[in-house]
Amino acid sequence: IIVKEGIKIIADFGVSSFSSNSETNVNEFPELDIFEGSKLCTFILGTFDGCVIFHLRPQVMVEPRVSTGPNVFNPLEAYEIDFSGSSLSLRIKECSLNLGHRRVIVPTETTFAVNVIKSLVNMSFEGTTQCELSWDFQGSSPILQVTSPGNTPAQSSHEDRQQVPVLIKDLCQGRLNMEISPVGGLSFTQASTSREDKEGLYDWKFFNAIVSPDEDSPTRIRDVLYDKKTMYKLLAVTKLVNADLEKVLRYFLTQVWRAKEIFDQEGISEPGKVIPGHKMARLISLFLCGDISQVDEILPIIRRVVAGDGLDVVRVKELLRKHVENYDEWAAEFDRAAKWAAVMLGPMTFNQGFVECEVPPSAESNQEIYVGIPTAKDIYDVLRDKPQLPLDPSFSNLISRIAPYMTFRQISYVLNSSGRPSNHWQPFDLKRLRYVYSVKKKVQEISESYGGLSFLPQSFFVSIFLGEATRSSLRAPMDIVAENHVKPEAADHTKRTVLSKLRRHRLEGSSRLTEEDNEGFVMSPASRVASLSNLHLQHEQPRLASKYNSSSGVEDLLGDSLLGPQDVAILLQAGLTSVMKGSTVVQLNQRMLLDLMASQPRTFAIAVLAELGTPGSQGVPRALTSALMAFIEMDQSSFKPAHRIDIHNLLESWLPGLKIPRRDDYLAGGRWARQSYYDAIFGVSVSILDLAEVYSGLKLRIQRVRHS
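Residues numbered from 1 in each chain as written. Predicted model: local features only at pLDDT ≥ 70, side-chain atom pairs only at ≥ 80, totals over all residues. Heavy atoms only, no water.

Undergrad: Just give me the short version of the overall build of the protein, but keep the residues and values in it.
TA: Secondary structure summary: the protein contains 26 helices and eleven strands in total. Counting all 708 residues of the protein, 39% fall into the buried class. Partitioning the intrachain contacts of the protein with sequence separation of at least 6 by distance along the chain shows that 67% fall at a separation of at least 24. (Helix = DSSP H or I, 4+ residues; strand = E, 2+ residues; numbered from the N terminus. Buried < 20%, exposed > 50% of the residue type's maximum accessible area, 1.4 Å probe, protein only. Contact = heavy atoms within 4.5 Å.)

Undergrad: Please provide a residue-by-residue account of the pairing of strand β8 (residues 143-146), values included.
TA: Pairing geometry for strand β5 (residues 102-106) and β8, over four bridges, is antiparallel. Counted as the bridge partner of V104 is L144 from β8. (Pairing = 2+ DSSP bridges.)

Undergrad: I'd love a proper account of the packing of helix α14 (residues 427-447) against helix α20 (residues 565-576), names of residues and values included.
TA: Close contact between α14 and α20 brings their axes to 10 Å; oriented N to C, the two are set at 40 degrees. Classified by the angle their axes make, α14 and α20 are oblique. In the crossing of α14 with α20, the sense of the turn from one axis to the other is left-handed. The segment α14 lies against α20, with K440, V443, I446 and S447 engaging D567, I570, L571 and A574. Residue composition of the contact of α14 with α20, grouped by class: five nonpolar, one polar and two charged. (Axes fitted to C-alpha atoms, helices over the stretch in contact; angles between N-to-C directions. Parallel < 35°, antiparallel > 145°, perpendicular 65-115°, else oblique. Left-handed = near helix turned anticlockwise from the far one by under 90°. Nonpolar A, V, L, I, M, F, W, Y, C, P; charged D, E, K, R; others polar.)

Undergrad: Account for a nonpolar patch on the surface, with residues named and values stated.
TA: Residues I210, I221, L453, L456, V579 and M580 make up a contiguous nonpolar surface patch of roughly 440 Å² in combined accessible area. With respect to the helices and strands, L456 occurs in the loop between α14 and α15 (458-483). (Patch = residues over 30% accessible without salt bridge, like charges linked within 9 Å, V, L, I, M, F, W, Y side chains within 5 Å. Areas by Shrake-Rupley, 256 points an atom, 1.4 Å probe, with all protein chains shown as cover. Salt bridge = Lys/Arg side-chain N within 4 Å of Asp/Glu carboxyl O.)

Undergrad: Any chance you could break down the packing of helix α7 (residues 295-306) against helix α8 (residues 313-323) for me, citing the residues and the numbers?
TA: Between α7 and α8, whose axes approach to 10 Å, the crossing angle comes to 150 degrees. Classified by the interaxial angle, the pair formed by α7 and α8 is roughly antiparallel. Between α7 and α8 the crossing geometry is left-handed. Of the residues in α8, those touching α7 at E297, I298, P300 and I301 are R315, V316 and L319.

Undergrad: Describe in detail the nonpolar core, supporting the description with residues and values.
TA: Proteins that are soluble and globular tend to have nonpolar side chains buried together. With 80 residues, the main nonpolar core has V568, L571, M597, F631 and W654 as its most contacted residues. If one sorts the elements of this core by residue count, helix α22 (residues 602-613) sits on top with eight residues. For M597, the contacting residues outside a window of four places in its chain are V568, L572, F604, A605, V608 and W654. By size, the runner-up hydrophobic cluster in this structure holds 26 residues, among which are C95, C131, L186 and L235. (Core = buried A, V, L, I, M, F, W, Y, C linked by side-chain atoms within 4.5 Å.)

Undergrad: How would you explain the packing of aromatic side chains if you had to name every residue and give the values?
TA: Tallied over the entire structure, the rule returns 14 aromatic pairs. Aromatic side chains Y327 and F334 sit 5.2 Å apart centroid to centroid with 20 degrees between the ring planes, which places their arrangement in the stacked category. Residue Y327 is classed as buried on the basis of its relative accessible area of 5%. On the basis of relative accessible area, F334 is assigned to the partly exposed category, the value being 22%. With a centroid separation of 5.7 Å and 80 degrees between ring planes, the pair formed by F460 and F461 is classed as edge-to-face. Note on F460: relative accessible area 42%, which makes it partly exposed. (Phe/Tyr/Trp six-rings, centres within 6.5 Å; stacked < 30°, edge-to-face > 60°.)

Undergrad: Break down the side chain of Q587 for me, citing the residues and quoting the values.
TA: The residue Q587 is located in helix α21 (residues 584-599) in this model. There is a polar contact of 2.8 Å between the side chain of Q587 and the backbone nitrogen of S638. Contact partners of Q587, with chain neighbours within four places excluded, come to K581, G582, D635, Q636, S637, S638 and F639. (Polar contact = N/O pair within 3.5 Å; in protein donor to acceptor, adjacent residues only side chain to side chain.)

Undergrad: Which residues make up the pattern of salt bridges, and what values do they have?
TA: Under the defined criterion, the tally for this structure stands at 22 salt bridges. With its nearest N and O atoms 3.1 Å apart, the salt bridge here joins R91 to E109. Of the two residues, R91 is situated in strand β4 (residues 87-99) and E109 in the loop between β5 and β6 (110-122); the sequence distance between them amounts to 18 residues. In this structure R91 comes out as partly exposed when scored by relative accessible area, which is 36%. Between K339 and D335 there is a salt bridge, and its shortest N-O distance comes to 3.4 Å. On the criterion of helical spacing, the pair formed by K339 and D335 is a turn pair, its members being four residues apart in helix α9 (residues 331-345). The network of salt bridges with common partners includes R57, E80 and D82.

Undergrad: Would you mind going over the environment of Q255 in detail, with residue names and values included?
TA: Along the polypeptide, Q255 turns up in helix α5 (residues 243-266). Considered as a pair, Q255 and F287 are 32 residues apart in the sequence and their alpha carbons are 8.4 Å apart.

Undergrad: Pulling in residues and values, what's your account of the environment of G85?
TA: Residue position: G85 is located in the loop between β3 (79-82) and β4. Its relative accessible area of 41% is what places G85 among the partly exposed residues. Beyond its immediate sequence surroundings of up to four residues, G85 is in contact with I53, V116 and I117.

Undergrad: Could you give an account of unusual backbone geometry, with specific residues and numbers?
TA: Residue D33 is not a glycine yet carries a positive backbone phi of 60 degrees. Here D33 shows up in the loop between β1 (7-25) and β2 (39-58). You will see that Q138, though not glycine, has its phi angle at about 55 degrees, which is positive. Mapped onto the fold, Q138 is located in the loop between β7 (127-136) and β8.

Undergrad: Describe the side chain of Q636, and please don't skip the residues or the numbers.
TA: On the secondary structure map, Q636 appears in the loop between α23 (621-632) and α24 (647-654). You can call Q636 buried: its relative accessible area is 11%. Of the polar contacts made by the side chain of Q636, one reaches the side chain of R591; its length is 3.1 Å. Those residues in contact with Q636 that sit more than four places away from it in its chain are Q587, R591, R644, I645 and I647.

Undergrad: Quick rundown of the confidence of the model for the protein? Include the residues and the values.
TA: Mean pLDDT over the protein stands at 80; residues scoring 70 or higher make up 80%. Under a pLDDT of 50 for its full length, residues 509-521 has, in the predicted model, 17 contacts with residues more than four places off or in other chains. (pLDDT = per-residue confidence, 0-100.)

As structure tokens, then:
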């Protein structure tokens, strides 16, 4: 279509029939009869059609051109894409999901539709998207079928399998308006269901409470728990999945409904009305035994907690044993819960810290380490001095070099508020500063919003800029080799490449690589460092030395990454907390970050690990311990076994002298089964923070101004 500006394409498409078969590895879950090697098999047969509207046009510059704004000479920044009006509709003729002895069957003629209301993004896919999602199961519900373990529902007779509808009628048809933020956050604004008034318990607030909780979400979840029709359906589905789990859930829901009746009888509508001790004792007594006969026994326990003397575990367990049915069956669980409550409600000891006078800050205690690196005060003084004259080339190079270690506000000030025009900087340095600014701006947005269902598609948005950032950072050593005119060894054209071998195996119908094929696989930087037989290679990595006039000590301290340690830590955290850890995109993002860390000096990797617990603040050992436990168990299922990284070896190569604990050694039958795995990781966290003192001093030196 001819338009006034840019290019607009409208493409209608449709497929009368398609089929899809897929298999996905599922993590082992023995309690639910999901064992190692289980796969989720999906089959879909249906039709789809839609319309794609693509309008590429120049961005409207509403702000004056500044150093941190879009570069109108770069097509990736000067243009935007409008997908508004696009649509996609899917009609299912047959669909089933099989997992071992369980199967879900989707009703025939089920329809799903997506209509893009508004979508305006730039060439890096930064922007907001609003779309309408609708579904219709044609008045029926998907069916869950279960047979005995070892068999499949498709091969079992009707008498040998059980089945139950999965959804209640209110959820068998609906419509949602969904908004996707620039960092991949999901939120729902409107919804309609099959009810005549189009409102009720399962309106848009219900879906928002699940995906993107807000201050109204607890109330919505509470109302759902009180809806017995929905909960009975949930119990029926849970019973087919696991009978023991259904018993626990039924007991929990029964107590929730009983507590609601007691609160209604006592006129309790807000948590604040439970606070007086005598009323709290009355409510607990009614909940335990149905009358107020135990108030005199419960009130002293409450007063002891309020006084700060802790929870009386013995009296609490006596009350539970006397009034809770099946206490003996769950004695271990009740004992564990009572001890947990005692820790939570008990007093805490506070150790008085040592007070020392005239302790020099870490940024000034080891001045010889930071020779050649300017302080924040030096940076601002030079920028404000003689603003009419261009900056010295060496200073321009140095600022661009330390930019990844600066904060987002610092770089914004350097580019905008220092009063210097763009031509005062060296072209290469200005380009690097602008790029670091754009990356830090994106990372700052992600740091405030990541993890959970509400950021389900975030990994895709991260991969768009992460691939370019890591590739640009890893390119520097290659450039040095080219500058030094190092002649590569003659290529052996008679030897097939890895891609040709993969292609040959695919044509032959084999997806397995032989040991001979694996020999030609080029390992990534993280793989080389983690390989025990190639640990010496990490000391032979070329550094960006010829580009800047800096001492070798500065080079080893800063590295040549465009992402700072804090930026890498935030992106790692986003991947570790993602609900899509098994996704190929998430695992590729994590691998790129590991490769970046492995290509930099060892101090860079230590800095990233120190920032991993609480990025941007002082290191907290307990927070770092939790992050390290997730880091060590990083999912790599999308990679072939020969291409996976031994995370323990990788960490030990960065932390010489430290032994990273392995979880298997602390499980039953392990050599350290009597010791705590958490305490072992906690000790490693403390050591990492000690090793990161040099980085802490460097960060304070660059980011904080000390006034004499």
